Amino acid sequence: MKWINHMLVTGSVVYSVTGDPLLALYSTAGSILPDKLEGRPPRNNKKAYWQWRQRHRTWTHWPVPYLLLITAVLILHRIDIITPLVWPVALIALFFLTGALLHIIEDALCGKVPLISHNRKIGFKLFTVDSPGEYFFSIVLSVILLFYHGKWPF
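Residues numbered from 1 in each chain as written. Predicted model: local features only at pLDDT ≥ 70, side-chain atom pairs only at ≥ 80, totals over all residues. Heavy atoms only, no water.

1. As for the environment of Asn119
Here is step 1 of the chain: Examined against the element boundaries, Asn119 turns out to sit in the loop between strand S1 (110-114) and strand S2 (121-125).
Here is step 2 of the chain: Asn119 sits in the exposed class, given a relative accessible area of 59%.
Here is step 3 of the chain: Between the alpha carbons of Asn119 and Trp59 there is a distance of 7.2 Å; along the sequence they are 60 residues apart. (Helix = DSSP H or I, 4+ residues; strand = E, 2+ residues; numbered from the N terminus. Buried < 20%, exposed > 50% of the residue type's maximum accessible area, 1.4 Å probe, protein only.)

2. Here's the deal with the packing of helix H1 (residues 3-18) against helix H6 (residues 87-107)
Here is step 1 of the chain: Close contact between H1 and H6 brings their axes to 10 Å; oriented N to C, the two are set at 120 degrees. Of the possible angle classes, the one that applies to H1 and H6 is oblique. Where H1 crosses over H6, the two elements pack in a sense that is right-handed. Contacts between H1 and H6 involve His6, Val9, Thr10, Val13, Val14 and Thr18 on the former and, on the latter, Phe95, Gly99, Leu102, His103, Glu106 and Asp107.
Here is step 2 of the chain: Tallied by class, the residues present in the contact of H1 with H6 amount to 5 nonpolar, 5 polar and 2 charged. (Axes fitted to C-alpha atoms, helices over the stretch in contact; angles between N-to-C directions. Parallel < 35°, antiparallel > 145°, perpendicular 65-115°, else oblique. Left-handed = near helix turned anticlockwise from the far one by under 90°. Contact = heavy atoms within 4.5 Å. Nonpolar A, V, L, I, M, F, W, Y, C, P; charged D, E, K, R; others polar.)

3. Description of the pairing of S2
Here is step 1 of the chain: Here S1 pairs with S2 via 5 bridges, running antiparallel. Within S2, the residue paired with Gly111 across the bridge is Phe124.
Here is step 2 of the chain: Counting the residues between successive antiparallel strands, the hairpin from S1 to S2 contains 6 residues. (Pairing = 2+ DSSP bridges.)

4. Examining the layout of surface pockets
Here is step 1 of the chain: A volume near 700 Å³ is recorded for the largest pocket.
Here is step 2 of the chain: As for the largest pocket, its lining consists of 23 residues, of which Met1, Lys2, Asp35, Trp52 and His56 are closest to the centre.
Here is step 3 of the chain: Among the secondary structure elements, those contributing two or more residues to the lining of the largest pocket are H1, helix H3 (33-38), helix H4 (46-55) and S1.
Here is step 4 of the chain: Residue composition of the lining of the largest pocket, grouped by class: 7 nonpolar, 4 polar and 12 charged. (1 Å grid on protein atoms, 1.4 Å probe; cavity = no way out; pocket = protein on both sides within 12 Å on 5 of 7 lines; lining within 4 Å. Points joined across faces, edges and corners; volume = space filled by probe spheres on them.)

5. Concerning unusual backbone geometry
Here is step 1 of the chain: Not every positive phi belongs to a glycine, and Asp80 is a case in point at roughly 65 degrees.
Here is step 2 of the chain: Here Asp80 falls in the exposed class, since its relative accessible area comes to 62%.
Here is step 3 of the chain: The phi dihedral of Asp130 is positive, around 65 degrees, even though this residue is not glycine.
Here is step 4 of the chain: Take Asp130: it is sitting in the loop between S2 and helix H7 (132-149).
Here is step 5 of the chain: Judged by its relative accessible area of 44%, Asp130 is partly exposed.

6. Some thoughts on a positive patch on the surface
Here is step 1 of the chain: Together, Lys2, Lys36, Arg40 and Arg43 give the surface a local cluster of positive charge.
Here is step 2 of the chain: Note on placement: Lys2 falls in the segment before H1. (Patch = residues over 30% accessible without salt bridge, like charges linked within 9 Å, V, L, I, M, F, W, Y side chains within 5 Å. Areas by Shrake-Rupley, 256 points an atom, 1.4 Å probe, with all protein chains shown as cover. Salt bridge = Lys/Arg side-chain N within 4 Å of Asp/Glu carboxyl O. Lys, Arg positive; Asp, Glu negative; His and termini not counted. Charge placed at Lys NZ, Arg CZ, Asp CG, Glu CD.)

7. Examining a nonpolar patch on the surface
Here is step 1 of the chain: A grouping of Leu8, Ile139, Val143 and Phe147 is seen on the molecular surface, where their side chains present a nonpolar patch of about 360 Å² in accessible area.
Here is step 2 of the chain: A total of 3 residues in the nonpolar patch trace back to one element, the largest contributor, which is H7.

8. Brief notes about the pattern of salt bridges
Here is step 1 of the chain: For the structure shown, the criterion picks out 1 salt bridge.
Here is step 2 of the chain: Measuring nitrogen to oxygen at the nearest pair gives 3.3 Å for the salt bridge that ties Arg57 to Asp107. Residue Arg57 is found in the loop between H4 and helix H5 (63-78), and its partner Asp107 is found in helix H6; the two are separated by 50 residues along the sequence. In this structure, Arg57 and Asp107 share a single accessibility class: buried.

Okay, structure coming up:
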């Protein structure tokens, strides 16, 4: 998916579940993390581009590290290491990481991502990246989610 669609879908999902625009904003920011960690693909060198492409959606799109970090934050909160004073910062981190996880799920709709192992990918191609189908899916899903929850952000 393109970044704009990652942000739109992730923000809509989190807002429809939580009803909190700030949590939706934090997760929207996290929704581009897996691609940001990979860096930009080389544009002028075809060989370098295809080398980058082979590494695309590998360890940065593997959900295990994100799930481990989320689990660690929740455990630290549960055993009172993260105090109520620090909890708002931890909540930002939790929803930022949730945005990254949603990014991975969204990418699995238009290609393959690693699930159990960081180098073995699974997924299916519901639509092609940057196609009209991707934009249609993102807009329709976002509208449905916002209607379903009944809370419009304006």
